[in-house]
Amino acid sequence: MDRDVVLEMRNITKTFPGVKSLSNVDFTLRKGEIHALMGENGAGKSTLIKVLTGVYDLEEGSIVMDGQNIVNHSPEEAQKNGISTVYQEVNLCPNLTVKENLFIGREPRKGRLIDWKEVKKRSADLLRELEIDADPDQMLGDCSLAVQQMIAIARAVDMQCKVLILDEPTSSLDDEEVEKLFRLMRMLRDKEVGIIFVTHFLEQVYAVCDRITVLRNGELVGEYKASELPRVQLVAKMLGKNLDDLADIKSGHEGHVDTEGPAVIEADDLGHSGTIHPFDLTIHKGEVIGLTGLLGSGRSEMVRCIYGADKADQGKLKVDGKEVKINKPLDAMHLGMAYLPEDRKKDGIIDELSVRENIIIALQAKKGMFHLMSRKEMEDAADKFIDLLDIKTADRETPIKSLSGGNQQKVIIARWLLTNPEYLILDEPTRGIDIGTKTEIQKLVLDLADQGKAVTFISSEIEEMLRTCSRMEVLRDGYKVGELSGDQLNQAEIMKTIAGGEEGDNK
């Protein structure tokens, strides 16, 4: 074993009922290296990490760390062996202070009592050394998500970790927070910590990583130096095929916008105090309307106001030309609306239920408790959309929590398509999923528009919206500040509108 290699995984194989998640996968991590683990959802990234950290049993293959064969039977055992993991959802205690979180379970003692003076001193030293802007006595829950993640990393570093796994750590961070995290990662690289970075963001991989390992369908595609692998080749290796120009995704989708009949949605001075200032919005059949703006601009708040998730307290709303009152989301469902929320973990999937149950739940709610669906209706509906959306699952009764993130997202889309909505709101439908599934969802959006559905599409990625939207509404600080269409649909115009609004606008 090369003395610079800290971790070697060889011929790792893992099988679940009906699915081979990993097949003879190799992975090598060197000291002082940031190594991206890349692949589509379902490629096997999470499974490989869970085998390494003892969440899953080592079925076949070997793990060598610093020249010694190891088998971790739990994350705690992995930590003792110098392997720590920091997840997107920070696994610490928000109701305890920063110093308590840093040393929980391993507090320095004076006799039988915890030496809190020493805990505070060591916490302050650690935070200063790693340049983390937090006070040892501060409640963890009062810290930003980025700082919470850095504190989880600091805890791992203080426990002398040799391998640090960062699993989608940047998904919920803004650009400034991401850069702070990157500075910490580079600092740890200089201290010879080996870092495994699991992410979907290509730009971030090339900003911070030294090497890239690509998995596809549970198999190793290859290991590459980041400086020697062009982005387009990385995407091609992840997908297993040469990537067509995604800018051409609209070709073959003519779009049939019906401006003759009544608009599907007409908002007139609609607003919700404290979240979204009064706005006007008209959406016709066959239109894909994008909402764009910086984080906190009011994109999600606008659609929540339309859908009744935040009940409008001023203005008027018309659906198909008729003025309506929407007091709660169920009212919106009965009016032919569907809403895929931004946070699929919190507001979307129901962890303990099966794929079938997650698909049919919205339609059953719409029908009401006195019109229960038969088992056959449920099974037929689930099978139809598993097939239609190519949802990768062992069968319809598989618990949804065992599916990859991208396939969970497809289940939620299936849930709302089953209600046959006339107006579909998709809030960040492709966040945290691989580029292949992103493309499938974008094409599906255009197919729905071709069928005459009205769609509102929200994404943090402007390129993605330019590929799918026929018109874009620009928001800033809770105000609608512009509307772009035709030749105006380009990055420069969108950025200019986000930054400065329309001429004469001083909000």
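Residues numbered from 1 in each chain as written. Predicted model: local features only at pLDDT ≥ 70, side-chain atom pairs only at ≥ 80, totals over all residues. Heavy atoms only, no water.

**What to know about the pairing of strand 19 (residues 423–427)**
At step 1: Counting buried residues in strand 19 gives five out of five residues, a clear majority hidden from the surface.
At step 2: On strand 19, burial covers both faces: Tyr423, Ile425 and Asp427 on one face and Leu424 and Leu426 on the other are all buried.
At step 3: Examined bridge by bridge, strand 19 and strand 20 (residues 454–458) share five bridges and lie parallel to one another. Across the sheet, residue Ile425 finds its bridge partner in strand 20, namely Thr456. (Buried < 20%, exposed > 50% of the residue type's maximum accessible area, 1.4 Å probe, protein only. Helix = DSSP H or I, 4+ residues; strand = E, 2+ residues; numbered from the N terminus. Pairing = 2+ DSSP bridges.)

**Regarding helix 6 (residues 175–190)**
Helical geometry: 3.6 residues make up each α-helical turn, so side chains three or four residues apart lie on a common side.
At step 1: For helix 6, which comprises 16 residues, the first-to-last C-alpha distance of 23 Å matches the rise-based estimate of 22 Å (1.5 Å per residue) to within 8%.
At step 2: Packing partners of the buried residues in helix 6 comprise strand 3 (34–38), helix 4 (116–129), helix 5 (145–158), strand 9 (163–167), strand 10 (194–198) and helix 7 (202–208).
At step 3: Phi turns positive one or two residues past the end of helix 6, at Glu192, with a value near 75°. (Expected span 1.5 Å × (residues − 1). Contact = heavy atoms within 4.5 Å.)

**Considerations on the sheet that holds strand 21 (residues 471–476)**
At step 1: In space, the six strands of this open sheet follow the order 18-19-20-15-21-22, with mixed pairing throughout. Edge strands, defined here as strands with exactly one partner in the open sheet, are strand 18 (337–340) and strand 22 (479–485). Sheet twist, expressed as the mean angle between neighbouring strand axes with direction ignored, is 15°.
At step 2: Where strand 15 (residues 288–292) lies against strand 21, four bridges are found, and the strand directions are parallel. Its bridge partner being in strand 21, Thr292 is matched across the sheet by Val474.
At step 3: Along the sheet face, helix 9 (residues 299–307) touches strand 15, strand 18, strand 19, strand 20, strand 21 and strand 22 and points at about 150° away from the line of strand 18.
At step 4: Strands strand 18 and strand 19 of the sheet are contacted by helix 14 (residues 405–417), whose axis makes an angle of about 170° with strand 18. (Axes fitted to C-alpha atoms, helices over the stretch in contact; angles between N-to-C directions.)

**Quick look at the confidence of the model for the protein chain**
Should the pLDDT be low somewhere, the predicted coordinates at that spot are not to be read in detail.
At step 1: Looking at the protein chain as a whole, its pLDDT mean stands at 86, while 92% of the residues score no less than 70.
At step 2: Every residue in residues 501–507 scores below 50 in pLDDT, and together they form eleven contacts with partners more than four places removed in sequence or on other chains. (pLDDT = per-residue confidence, 0-100.)

**Focus on the pattern of salt bridges**
At step 1: Per the stated rule, a full pass over the model turns up 33 salt bridges.
At step 2: Close ionic contact of Asp390 with Lys392 constitutes a salt bridge, the shortest N to O distance being 3.4 Å.
At step 3: With its nearest N and O atoms 2.9 Å apart, the salt bridge here joins Glu473 to Lys480.
At step 4: Using a relative accessible area of 28% as the deciding quantity, one classes Lys480 as partly exposed. (Salt bridge = Lys/Arg side-chain N within 4 Å of Asp/Glu carboxyl O.)

**Side note on unusual backbone geometry**
At step 1: Even without a glycine there, the phi angle at Gln160 is positive, about 60°.
At step 2: Within the fold, Gln160 resides in the loop between helix 5 and strand 9.
At step 3: For Gln160, a relative accessible area of 60% gives the class exposed.
At step 4: Positioned with a positive phi, Glu168 is a non-glycine residue whose angle comes to about 50°.
At step 5: Along the chain, the position of Glu168 falls in the loop between strand 9 and helix 6.

**Overview of a nonpolar patch on the surface**
At step 1: Side chains of Met369, Phe370 and Leu372 sit close together on the surface and give an oily, nonpolar patch of about 450 Å² of accessible area.
At step 2: By secondary structure assignment, the location of Phe370 is in the loop between helix 12 (355–367) and helix 13 (375–388). (Patch = residues over 30% accessible without salt bridge, like charges linked within 9 Å, V, L, I, M, F, W, Y side chains within 5 Å. Areas by Shrake-Rupley, 256 points an atom, 1.4 Å probe, with all protein chains shown as cover.)

**So, the environment of Ser23**
At step 1: Within the fold, Ser23 resides in strand 2 (residues 19–30).
At step 2: Measuring from C-alpha to C-alpha, the distance between Ser23 and Val319 comes to 52 Å, with 296 residues separating the pair along the chain.
At step 3: Residue contacts for Ser23: discarding those within four places in its chain leaves Ile12, Thr13, Gly218 and Glu219.

**Remarks on the packing of aromatic side chains**
At step 1: Scanning the model with the defined rule gives three aromatic pairs in all.
At step 2: Ring geometry for Phe182 against Phe197: centres 6.2 Å apart, planes inclined by 90°, an arrangement best described as edge-to-face. Here the residue Phe182 occupies a position in helix 6, and Phe197 occupies one in strand 10, the gap between them amounting to 15 residues. Each member of the pair, Phe182 as well as Phe197, carries the same accessibility label: buried. (Phe/Tyr/Trp six-rings, centres within 6.5 Å; stacked < 30°, edge-to-face > 60°.)

**Quick look at the sheet that holds strand 11 (residues 211–216)**
At step 1: With mixed pairing, six strands are arranged side by side in an open sheet as 6-9-10-3-11-12. Edge strands, defined here as strands with exactly one partner in the open sheet, are strand 6 (83–87) and strand 12 (219–225). Within the sheet, the average angular offset between the axes of one strand and its neighbour, ignoring direction, is 20°.
At step 2: Pairing geometry for strand 11 and strand 12, over six bridges, is antiparallel. When the sheet's bridge partners are listed, Arg211 is paired in strand 12 with Lys225.

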